[in-house]
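Geometric and topological summary
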Amino acid sequence: MALNLESQSSQASPLGFLTANPIANAVSDAYSAFSDRRAKLGLPNPGTVETISKEVQRDVSLTNFMHTGIRADVTKIVSISPLFQASHQFAMGEHMKPYAFAALFGTNKVFLQGSMDNDGLLSTRFNYRWTPSLVSKCQFQIGDQDMASIEHEYTGSDFTSSLKMLNPSYLEGGLTGIYILSHLQSITRKLALGIEAVWQRAALNQPPNSTMSYCARYKSDDWIAGAQLHAQGALNATYWRRLSDKVQAGVDMTLQVTPGAGGLMGGSLQKEGVTSVGVKYDFRMSTFRAQVDSKGKLACLLEKRVAPPVTMTFCADVDHYTQSAKVGLGITIESSGDELQEQQEALGGAQASPNIPF
């Protein structure tokens, strides 16, 4: 009876012939069988193409932690669930603004972040989780150089696909901007392969340009290796290994091959590259990072929690090739009231921190 009602409803629909035909049924059956076999493999989600080397470039490497001069961050945590905090940053040094104010708000579906410095540069981020698998991310910057970024990321059980648009526009009568489409798929429990396509057009009077890059990631029990091959001839390879419970080490190598003065036909290829080796030590109340590269640059960073709300940071790097040295000192103060601790105890450990779509 139910089958007859379903067939009658399909026949009654004007577009019912698109699904009620032998070809559509065969494709649906083949896709269902393929999905069942893939689910039985139990492949993990490999992450995204952007985070394929996050263990080295974000955890061990000092690139995102180094600063020159003096910096102080004062953060006030107002609430945990939903997460809401405000911060003030004071700095005096190279490539740092004297003052910046930032605020953050996050729930299980929404993430909002905004900051403004003393020059009036406004930066905002807005993320929204439509479903457990689909997240939209928007980022805008208003100031000396206006910028807009829109990204849609879909996370499957064994893959991640994303579409990112930088300064997209159709106001001039044609499509301009930068469009990035990436996909990372788990092939086995340890191996994942990915591809990234980029299409860009600065203006209508300029021709569009498209490139393709490939990446791979292999994750073992205590080490991870990643590689990315770009269309411009650049190769980036990373290797991360956990030496013990408190010690991590990583190697980051970048090789660029460019044509010589005579071009591809009459000139030789020029090879430029840099390799850096870093290590990270996690102690009970502090973290120490050190890094050295093939160009003779040595850097180190020490983060120490001197009190529950206070963290001190000291960083320094010495460039033996240019005979220059830089030193940075920072302090971070996080404050919260007694009502915040009561809120955390009332919510209970695991439920106190929401699953924010960062």
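The structure this text deals with has already been given above.
All residue numbers refer to position in the chain's written sequence, counted from 1. Local features in this predicted model are restricted to residues of pLDDT 70 or higher, and side-chain atom pairs are both shown and tallied only at a pLDDT of 80 or more, whereas totals for entire chains, interfaces and linings draw on every residue. Side-chain calculation: all heavy atoms of the structure are included, whereas hydrogens and water are not.

Let us now look at the packing of aromatic side chains. Each aromatic pair joins two rings of Phe, Tyr and Trp (for Trp, the six-membered one) with centres within 6.5 Å, and gets the label stacked for planes under 30 degrees apart, edge-to-face for over 60, and tilted for any other angle. Per the stated rule, a full pass over the model turns up 8 aromatic pairs. A centroid spacing of 6.4 Å and a plane angle of 40° characterise the contact between Tyr281 and Phe288, whose relative ring orientation is tilted. Residue exposure (1.4 Å probe, protein chains only): buried if accessible area is under 20% of the type maximum, exposed if over 50%, otherwise partly exposed. In this structure Tyr281 comes out as partly exposed when scored by relative accessible area, which is 33%. Its relative accessible area of 27% is what places Phe288 among the partly exposed residues. Grouped by ring-pair contacts, the aromatic residues Tyr218, Trp223 and Tyr239 constitute a single cluster. Whether a charge lies above a ring is judged from NZ of Lys or CZ of Arg, which has to be within 6 Å of the ring centre and within 35 degrees of the ring normal. Here the basic side chain of Arg289 rests over the ring of Phe65, its NZ or CZ set 4.1 Å away from the ring centre.

A word on the pattern of salt bridges. The term salt bridge refers to a pairing of a side-chain nitrogen on Lys or Arg with a carboxyl oxygen on Asp or Glu at a separation within 4 Å. Per the stated rule, a full pass over the model turns up 8 salt bridges. Between Lys97 and Asp119 there is a salt bridge, with the nearest N and O atoms lying 2.8 Å from each other. Of this pair, Lys97 sits in the loop between β2 (83-94) and β3 (99-106) while Asp119 sits in the loop between β4 (110-117) and β5 (122-129), and the two are 22 residues apart along the sequence. By relative accessible area, which is 36% here, Lys97 ends up partly exposed. Between Arg241 and Asp222 there is a salt bridge; the shortest N-O distance is 3.5 Å. Of this pair, Arg241 sits in strand β13 (residues 234-242) while Asp222 is found in the loop between β11 (209-219) and β12 (223-229), placing the two residues 19 residues apart along the sequence. Classification of Asp222 by relative accessible area gives partly exposed; the value is 30%. Helix and strand definitions follow DSSP, with helices as H or I runs of at least four residues and strands as E runs of at least two, each counted in order from the N terminus.

What follows concerns the pairing of β11. In short, DSSP must find at least two bridges between two strands for them to pair. As paired strands, strand β10 (residues 191-201) and β11 are joined by 10 bridges and run antiparallel to one another. When the sheet's bridge partners are listed, Gln200 is paired in β11 with Asn209. Relative to β12, β11 is paired through 6 bridges, and the arrangement is antiparallel. Bridge pairing links Cys215 to Gln228 in β12. Between β11 and β12, which follow one another and run antiparallel, lie 3 residues.

Attention shifts here to the state of the cysteines. Defined by distance alone, a disulfide is two cysteine sulfur atoms within 2.5 Å. Enumeration according to the criterion identifies 0 disulfides in this entry. Here Cys315 is not cross-linked by a disulfide; its sulfur's nearest cysteine counterpart is in Cys300, at 8.2 Å. Overall, the relative accessible area of 0% leaves Cys315 in the buried class.

With that settled, the discussion passes to the nonpolar core. Within soluble globular proteins, side chains that are nonpolar tend to cluster in buried spots. Residues belong to a common nonpolar core when they are buried Ala, Val, Leu, Ile, Met, Phe, Trp, Tyr or Cys residues joined through side-chain atoms within 4.5 Å. In this structure, Val49, Ile52, Leu184, Ala192 and Cys215 together form the largest nonpolar core, which totals 5 residues. Apart from the residues lying within four places of it in its own chain, the contact partners of Leu184 are Pro46, Gly47, Thr48, Val49, Asp158, Phe159, Thr160, Ala192, Leu193, Gly194 and Cys215. Here, two residues are considered to be in contact whenever any of their heavy atoms come within 4.5 Å of each other.

Right, let's talk about helix α2 (residues 22-41) for a bit. For a helix, the expected span equals 1.5 Å multiplied by the residue count minus one. An ideal rise of 1.5 Å per residue puts 28 Å on 20 residues; α2 measures up with 29 Å between its terminal C-alpha atoms. Where α2 ends, the next residue or the one after it, Gly42, has phi of about 65°, a positive value.

This part is about the pairing of strand β9 (residues 176-186). As a general feature of sheets, a regular strand has side chains that alternate between the two faces. Of all 11 residues making up β9, 8 are buried, and the element is well covered by its neighbours. Pairing analysis gives 9 bridges linking strand β8 (residues 159-169) to β9, with the strands arranged antiparallel. If you follow Ser162 over to β9, its bridge partner there is Ser182. Linking β8 back to β9 in an antiparallel pair, the connection comprises 6 residues, with Gly173 at a positive phi of about 95°. The pairing of β9 with β10 spans 10 bridges and is classified as antiparallel. From the neighbouring strand, His183 faces β10, where its bridge partner is Ile195. With antiparallel pairing between neighbouring strands as the criterion, β9 and β10 make up a hairpin whose turn holds 4 residues.

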